[in-house]
Amino acid sequence: MQVDPQVAGCAVMLVAIATAVLDVKSNALVTGAFLVLEVVAAVVVAVLGLAHAERSPSVLVHPEVSAATAGQATFTAGLLVSGLAAAMFVVNGFGTASYLAEEIHQPRRNVARAVFWSLFIGAAVIVVPAVAAVLGTASTETLSTATFSDLVRGWAGDTTATVIDLCVALAILNAVLVMVLQNARVVYASGRDRAWPAPVNRALTRLHPRFGSPWVATLVISLPGAALAAFVDLSTLYEATGAILAVVYVLLALAALAARRAPLRGRPAWRMPLWPLAPVVVLASVGYVLYQQAGRDLALTGAVVVAASLYHVLYLRRHPHDRWQVAAPDADD
(Lines give C-alpha, C1' and ligand atoms only; values in the text may rest on other atoms or scores of the structure.)
Protein backbone atom coordinates (compact mmCIF):
# COMPACT_ATOMS: atom_id res chain seq x y z
CA MET A 1 0.00 0.00 0.00
CA GLN A 2 1.38 3.38 -1.02
CA VAL A 3 0.92 6.45 1.16
CA ASP A 4 0.90 9.99 -0.18
CA PRO A 5 4.29 11.52 0.76
CA GLN A 6 2.70 14.76 1.97
CA VAL A 7 0.25 12.91 4.18
CA ALA A 8 3.10 10.81 5.56
CA GLY A 9 5.21 13.92 6.17
CA CYS A 10 2.41 15.64 8.06
CA ALA A 11 1.75 12.50 10.12
CA VAL A 12 5.44 12.23 11.03
CA MET A 13 5.44 15.88 12.14
CA LEU A 14 2.36 15.38 14.33
CA VAL A 15 3.83 12.28 16.00
CA ALA A 16 7.08 14.16 16.61
CA ILE A 17 5.14 17.07 18.15
CA ALA A 18 3.25 14.78 20.53
CA THR A 19 6.50 13.13 21.61
CA ALA A 20 8.48 16.37 21.91
CA VAL A 21 6.07 17.72 24.54
CA LEU A 22 7.22 14.97 26.92
CA ASP A 23 10.13 15.51 29.30
CA VAL A 24 13.67 15.23 28.00
CA LYS A 25 14.26 11.85 29.67
CA SER A 26 11.29 10.32 27.86
CA ASN A 27 12.51 11.76 24.58
CA ALA A 28 15.98 10.39 25.25
CA LEU A 29 14.49 6.91 25.70
CA VAL A 30 12.48 7.19 22.49
CA THR A 31 15.32 8.54 20.36
CA GLY A 32 17.74 6.04 21.92
CA ALA A 33 15.46 3.09 21.12
CA PHE A 34 15.01 4.28 17.55
CA LEU A 35 18.77 4.78 17.23
CA VAL A 36 19.38 1.16 18.26
CA LEU A 37 17.01 -0.02 15.51
CA GLU A 38 18.72 2.26 12.98
CA VAL A 39 22.14 0.88 13.87
CA VAL A 40 20.82 -2.70 13.64
CA ALA A 41 19.42 -1.97 10.19
CA ALA A 42 22.74 -0.45 9.10
CA VAL A 43 24.59 -3.52 10.37
CA VAL A 44 22.21 -5.83 8.45
CA VAL A 45 22.74 -3.87 5.23
CA ALA A 46 26.50 -3.87 5.74
CA VAL A 47 26.69 -7.61 6.46
CA LEU A 48 24.47 -8.51 3.50
CA GLY A 49 26.40 -6.24 1.15
CA LEU A 50 29.79 -7.60 2.18
CA ALA A 51 28.49 -11.20 2.10
CA HIS A 52 27.34 -10.67 -1.51
CA ALA A 53 30.39 -8.67 -2.60
CA GLU A 54 30.83 -8.83 -6.35
CA ARG A 55 33.61 -6.31 -6.81
CA SER A 56 37.02 -5.59 -5.41
CA PRO A 57 37.49 -2.86 -2.77
CA SER A 58 39.71 -1.14 -5.33
CA VAL A 59 36.57 0.34 -6.94
CA LEU A 60 36.32 2.64 -3.91
CA VAL A 61 39.52 4.34 -5.07
CA HIS A 62 39.30 3.73 -8.83
CA PRO A 63 35.58 3.72 -9.81
CA GLU A 64 34.47 1.65 -12.75
CA VAL A 65 33.36 3.44 -15.92
CA SER A 66 30.25 1.94 -17.48
CA ALA A 67 28.46 2.68 -20.72
CA ALA A 68 25.93 4.76 -18.80
CA THR A 69 28.57 6.94 -17.14
CA ALA A 70 31.22 7.09 -19.86
CA GLY A 71 29.90 10.35 -21.31
CA GLN A 72 29.47 12.14 -18.02
CA ALA A 73 31.73 14.90 -16.76
CA THR A 74 34.87 14.01 -14.85
CA PHE A 75 34.50 14.11 -11.08
CA THR A 76 35.98 17.37 -9.83
CA ALA A 77 36.35 19.30 -6.59
CA GLY A 78 33.65 21.68 -7.79
CA LEU A 79 31.26 18.79 -8.35
CA LEU A 80 32.05 17.51 -4.87
CA VAL A 81 31.38 20.88 -3.25
CA SER A 82 28.14 21.35 -5.19
CA GLY A 83 26.85 18.16 -3.55
CA LEU A 84 27.26 19.70 -0.10
CA ALA A 85 23.70 21.06 -0.13
CA ALA A 86 22.36 17.51 0.03
CA ALA A 87 25.24 16.14 2.10
CA MET A 88 24.68 18.73 4.84
CA PHE A 89 21.35 17.07 5.58
CA VAL A 90 23.18 13.82 6.28
CA VAL A 91 25.68 15.24 8.75
CA ASN A 92 23.65 18.13 10.15
CA GLY A 93 22.53 17.75 13.74
CA PHE A 94 25.55 16.36 15.58
CA GLY A 95 25.64 19.52 17.68
CA THR A 96 22.01 19.20 18.76
CA ALA A 97 23.06 18.15 22.26
CA SER A 98 24.26 21.69 22.89
CA TYR A 99 20.67 22.93 22.58
CA LEU A 100 19.70 20.68 25.50
CA ALA A 101 22.62 21.68 27.72
CA GLU A 102 20.35 23.19 30.37
CA GLU A 103 18.51 19.88 30.70
CA ILE A 104 21.59 17.62 30.81
CA HIS A 105 23.44 16.55 33.95
CA GLN A 106 27.01 17.98 34.01
CA PRO A 107 26.65 19.63 30.57
CA ARG A 108 30.27 20.88 30.38
CA ARG A 109 31.45 17.27 30.15
CA ASN A 110 28.46 15.34 28.81
CA VAL A 111 27.45 17.68 25.98
CA ALA A 112 30.86 17.37 24.33
CA ARG A 113 30.76 13.59 24.76
CA ALA A 114 27.31 13.41 23.19
CA VAL A 115 28.37 15.52 20.21
CA PHE A 116 31.50 13.52 19.42
CA TRP A 117 29.96 10.10 20.06
CA SER A 118 27.05 10.93 17.77
CA LEU A 119 29.52 12.12 15.16
CA PHE A 120 31.57 8.89 15.29
CA ILE A 121 28.53 6.58 15.40
CA GLY A 122 26.82 8.54 12.63
CA ALA A 123 29.87 8.37 10.40
CA ALA A 124 30.08 4.61 10.85
CA VAL A 125 26.35 4.13 10.22
CA ILE A 126 26.59 6.19 7.04
CA VAL A 127 29.91 5.06 5.56
CA VAL A 128 29.98 1.30 6.26
CA PRO A 129 26.59 0.40 4.66
CA ALA A 130 27.39 2.68 1.71
CA VAL A 131 30.69 0.88 1.13
CA ALA A 132 28.95 -2.50 1.45
CA ALA A 133 26.33 -1.45 -1.10
CA VAL A 134 29.02 -0.43 -3.58
CA LEU A 135 30.84 -3.73 -3.21
CA GLY A 136 27.66 -5.83 -3.21
CA THR A 137 26.18 -4.37 -6.38
CA ALA A 138 27.03 -5.93 -9.70
CA SER A 139 26.85 -2.81 -11.88
CA THR A 140 27.14 0.95 -11.54
CA GLU A 141 23.79 1.31 -13.32
CA THR A 142 22.05 -0.60 -10.54
CA LEU A 143 23.96 1.30 -7.89
CA SER A 144 22.89 4.66 -9.32
CA THR A 145 19.17 3.81 -9.44
CA ALA A 146 18.47 1.28 -6.66
CA THR A 147 17.60 2.13 -3.06
CA PHE A 148 18.94 0.28 -0.04
CA SER A 149 15.58 -1.48 0.12
CA ASP A 150 15.98 -2.70 -3.47
CA LEU A 151 19.48 -3.97 -2.76
CA VAL A 152 18.40 -5.78 0.42
CA ARG A 153 15.46 -7.33 -1.42
CA GLY A 154 17.87 -8.76 -3.97
CA TRP A 155 20.19 -10.04 -1.24
CA ALA A 156 17.74 -11.41 1.35
CA GLY A 157 14.14 -11.26 0.04
CA ASP A 158 11.01 -9.20 0.64
CA THR A 159 10.65 -9.75 4.39
CA THR A 160 14.09 -8.42 5.24
CA ALA A 161 13.61 -5.51 2.85
CA THR A 162 10.33 -4.61 4.56
CA VAL A 163 12.03 -4.61 7.96
CA ILE A 164 14.74 -2.30 6.61
CA ASP A 165 12.07 0.00 5.18
CA LEU A 166 10.44 0.23 8.62
CA CYS A 167 13.79 1.04 10.22
CA VAL A 168 14.35 3.79 7.64
CA ALA A 169 10.91 5.20 8.48
CA LEU A 170 11.83 5.20 12.18
CA ALA A 171 15.09 6.94 11.35
CA ILE A 172 13.18 9.71 9.57
CA LEU A 173 10.80 10.05 12.52
CA ASN A 174 13.76 10.13 14.88
CA ALA A 175 15.44 12.89 12.88
CA VAL A 176 12.25 14.96 12.82
CA LEU A 177 11.80 14.49 16.56
CA VAL A 178 15.36 15.67 17.25
CA MET A 179 14.86 18.75 15.06
CA VAL A 180 11.60 19.61 16.85
CA LEU A 181 13.32 19.27 20.23
CA GLN A 182 16.25 21.37 19.09
CA ASN A 183 14.30 24.18 17.48
CA ALA A 184 11.77 24.34 20.30
CA ARG A 185 14.64 25.03 22.71
CA VAL A 186 15.91 27.79 20.41
CA VAL A 187 12.49 29.43 20.35
CA TYR A 188 12.16 29.01 24.12
CA ALA A 189 15.58 30.62 24.61
CA SER A 190 14.58 33.56 22.42
CA GLY A 191 11.65 34.21 24.74
CA ARG A 192 13.78 33.79 27.85
CA ASP A 193 16.34 36.25 26.43
CA ARG A 194 13.48 38.69 25.69
CA ALA A 195 13.88 38.82 21.93
CA TRP A 196 10.16 39.56 21.44
CA PRO A 197 7.49 41.83 22.91
CA ALA A 198 6.68 40.94 26.53
CA PRO A 199 3.43 38.96 25.87
CA VAL A 200 5.23 36.79 23.31
CA ASN A 201 8.15 36.20 25.67
CA ARG A 202 5.78 35.08 28.44
CA ALA A 203 4.06 32.63 26.09
CA LEU A 204 7.24 31.13 24.66
CA THR A 205 8.74 30.51 28.10
CA ARG A 206 5.78 28.59 29.46
CA LEU A 207 6.71 25.10 30.61
CA HIS A 208 4.45 22.06 30.72
CA PRO A 209 3.22 21.65 34.33
CA ARG A 210 3.99 17.91 34.33
CA PHE A 211 6.84 17.36 31.89
CA GLY A 212 8.71 20.64 32.29
CA SER A 213 9.08 20.96 28.51
CA PRO A 214 8.64 24.24 26.58
CA TRP A 215 5.32 23.14 25.12
CA VAL A 216 4.23 26.50 23.65
CA ALA A 217 7.58 26.96 21.90
CA THR A 218 7.31 23.38 20.63
CA LEU A 219 3.90 24.05 19.07
CA VAL A 220 4.98 27.41 17.63
CA ILE A 221 7.94 25.91 15.79
CA SER A 222 6.41 22.58 14.75
CA LEU A 223 2.77 23.18 13.77
CA PRO A 224 3.77 25.39 10.81
CA GLY A 225 6.14 22.61 9.77
CA ALA A 226 3.28 20.11 9.79
CA ALA A 227 1.19 22.49 7.67
CA LEU A 228 4.03 22.93 5.17
CA ALA A 229 4.49 19.17 4.93
CA ALA A 230 0.77 18.75 4.22
CA PHE A 231 0.27 21.49 1.63
CA VAL A 232 3.65 22.22 -0.03
CA ASP A 233 5.39 19.92 -2.48
CA LEU A 234 8.12 18.03 -0.63
CA SER A 235 10.76 18.58 -3.31
CA THR A 236 10.22 22.33 -2.96
CA LEU A 237 10.72 22.03 0.81
CA TYR A 238 13.90 19.97 0.34
CA GLU A 239 15.45 22.49 -2.02
CA ALA A 240 14.46 25.56 0.00
CA THR A 241 15.63 23.98 3.25
CA GLY A 242 18.99 23.16 1.65
CA ALA A 243 19.50 26.80 0.69
CA ILE A 244 18.44 28.03 4.14
CA LEU A 245 20.75 25.56 5.83
CA ALA A 246 23.65 26.73 3.67
CA VAL A 247 22.94 30.35 4.64
CA VAL A 248 22.89 29.35 8.31
CA TYR A 249 26.40 27.89 7.96
CA VAL A 250 27.60 31.06 6.19
CA LEU A 251 26.15 33.28 8.93
CA LEU A 252 27.73 31.12 11.63
CA ALA A 253 31.12 31.45 9.91
CA LEU A 254 30.70 35.22 9.65
CA ALA A 255 29.67 35.38 13.30
CA ALA A 256 32.77 33.41 14.28
CA LEU A 257 34.96 35.88 12.40
CA ALA A 258 33.15 38.87 13.92
CA ALA A 259 33.42 37.48 17.45
CA ARG A 260 37.20 37.85 17.34
CA ARG A 261 36.81 41.59 16.72
CA ALA A 262 34.34 42.14 19.56
CA PRO A 263 34.88 42.40 23.32
CA LEU A 264 34.44 38.61 23.42
CA ARG A 265 37.90 38.14 21.91
CA GLY A 266 39.54 37.32 25.23
CA ARG A 267 36.88 34.87 26.42
CA PRO A 268 38.24 31.28 26.50
CA ALA A 269 34.77 29.96 25.66
CA TRP A 270 35.09 31.38 22.13
CA ARG A 271 38.43 29.84 21.22
CA MET A 272 38.71 27.79 18.02
CA PRO A 273 41.64 25.53 17.01
CA LEU A 274 43.55 26.45 13.84
CA TRP A 275 41.89 29.87 13.71
CA PRO A 276 40.59 31.08 11.26
CA LEU A 277 40.71 27.91 9.11
CA ALA A 278 37.25 26.58 9.95
CA PRO A 279 35.17 29.70 9.13
CA VAL A 280 37.23 30.41 6.00
CA VAL A 281 36.72 26.88 4.66
CA VAL A 282 33.00 27.10 5.43
CA LEU A 283 32.65 30.41 3.62
CA ALA A 284 34.52 29.15 0.56
CA SER A 285 32.76 25.78 0.23
CA VAL A 286 29.24 26.68 1.33
CA GLY A 287 29.44 29.94 -0.63
CA TYR A 288 29.93 27.83 -3.75
CA VAL A 289 26.93 25.72 -2.72
CA LEU A 290 24.78 28.86 -2.56
CA TYR A 291 26.03 29.87 -6.01
CA GLN A 292 24.65 26.56 -7.34
CA GLN A 293 21.18 26.98 -5.81
CA ALA A 294 18.05 27.83 -7.80
CA GLY A 295 16.97 31.45 -7.92
CA ARG A 296 13.63 30.67 -6.26
CA ASP A 297 15.32 29.07 -3.26
CA LEU A 298 17.78 31.93 -2.93
CA ALA A 299 14.94 34.46 -3.13
CA LEU A 300 13.02 32.68 -0.37
CA THR A 301 16.12 32.45 1.80
CA GLY A 302 16.93 36.09 1.14
CA ALA A 303 13.41 37.10 2.18
CA VAL A 304 13.86 35.29 5.51
CA VAL A 305 17.23 36.98 6.12
CA VAL A 306 15.82 40.41 5.20
CA ALA A 307 12.81 39.96 7.49
CA ALA A 308 15.06 38.94 10.39
CA SER A 309 17.42 41.86 9.72
CA LEU A 310 14.55 44.36 9.63
CA TYR A 311 13.22 43.00 12.92
CA HIS A 312 16.65 43.47 14.47
CA VAL A 313 17.09 47.00 13.13
CA LEU A 314 13.55 48.26 13.74
CA TYR A 315 12.90 46.62 17.12
CA LEU A 316 15.80 44.94 18.90
CA ARG A 317 18.35 47.72 18.35
CA ARG A 318 15.88 50.26 19.69
CA HIS A 319 15.59 48.36 22.97
CA PRO A 320 19.22 47.50 23.80
CA HIS A 321 18.71 47.39 27.58
CA ASP A 322 15.61 45.21 27.89
CA ARG A 323 15.54 43.04 24.73
CA TRP A 324 17.80 40.26 23.47
CA GLN A 325 19.85 40.10 26.64
CA VAL A 326 22.19 37.16 25.89
CA ALA A 327 24.85 36.35 28.48
CA ALA A 328 28.27 35.45 27.05
CA PRO A 329 29.80 32.38 28.72
CA ASP A 330 32.74 32.75 31.05
CA ALA A 331 35.62 30.32 31.39
CA ASP A 332 33.93 28.67 34.39
CA ASP A 333 30.46 28.44 32.83
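Let me sum up the structure you'll find in this document. (Residues numbered from 1 in each chain as written. Predicted model: local features only at pLDDT ≥ 70, side-chain atom pairs only at ≥ 80, totals over all residues. Heavy atoms only, no water.)

## Regarding the packing of helix α1 (residues 5-20) against helix α10 (residues 215-231)
Move 1: Put simply, α1 and α10 touch, their axes get as near as 7 Å, and they point 165 degrees apart. By the angle between their axes, α1 is roughly antiparallel relative to α10. The chirality of how α1 crosses α10 is left-handed. Two secondary-structure elements touch here, α1 through Q6, G9, C10, M13, L14, I17 and A20 and α10 through T218, L219, S222, L223, G225, A226, A229, A230 and F231.
Move 2: Of the residues assigned to the contact of α1 with α10, the class counts are 11 nonpolar, 5 polar and no charged. (Axes fitted to C-alpha atoms, helices over the stretch in contact; angles between N-to-C directions. Helix = DSSP H or I, 4+ residues; strand = E, 2+ residues; numbered from the N terminus. Parallel < 35°, antiparallel > 145°, perpendicular 65-115°, else oblique. Left-handed = near helix turned anticlockwise from the far one by under 90°. Contact = heavy atoms within 4.5 Å. Nonpolar A, V, L, I, M, F, W, Y, C, P; charged D, E, K, R; others polar.)

## Considering the side chain of S213
Move 1: Summarising the element assignment, S213 is placed in the loop between α9 (198-204) and α10.
Move 2: What makes S213 buried here is its relative accessible area of 1%.
Move 3: From its side chain, S213 meets the backbone oxygen of V21 in a polar contact 2.4 Å long.
Move 4: Every residue in contact with S213, bar those within four places of it in the chain, is listed here: A20, V21, L22, R185, R206, L207 and H208. (Buried < 20%, exposed > 50% of the residue type's maximum accessible area, 1.4 Å probe, protein only. Polar contact = N/O pair within 3.5 Å; in protein donor to acceptor, adjacent residues only side chain to side chain.)

## Let's talk about unusual backbone geometry
Move 1: The peptide bond linking W275 to P276 adopts the cis configuration, its omega dihedral lying at 0 degrees.
Move 2: Note that P276 resides in the loop between α11 (234-259) and α12 (277-292).
Move 3: For R194, which is not glycine, the phi dihedral falls at a positive 60 degrees.
Move 4: Note that R194 resides in the loop between α8 (158-192) and α9.
Move 5: Residue R194 is classed as partly exposed on the basis of its relative accessible area, which comes to 37%.

## Things to note about the pattern of salt bridges
Move 1: Across all of its chains, the model carries 5 salt bridges by this definition.
Move 2: Between R153 and D150 there is a salt bridge, and its shortest N-O distance comes to 3.6 Å. With R153 and D150 both in helix α7 (residues 148-156) and 3 residues apart, the pair spans about one turn of that helix.
Move 3: R153 gets classed as partly exposed once you look at its relative accessible area, which sits at 33%.
Move 4: The exposure class assigned to D150 is partly exposed, which follows from its relative accessible area of 39%.
Move 5: Residue D193 pairs with R192 through a salt bridge whose shortest N-O separation is 3.5 Å. (Salt bridge = Lys/Arg side-chain N within 4 Å of Asp/Glu carboxyl O.)

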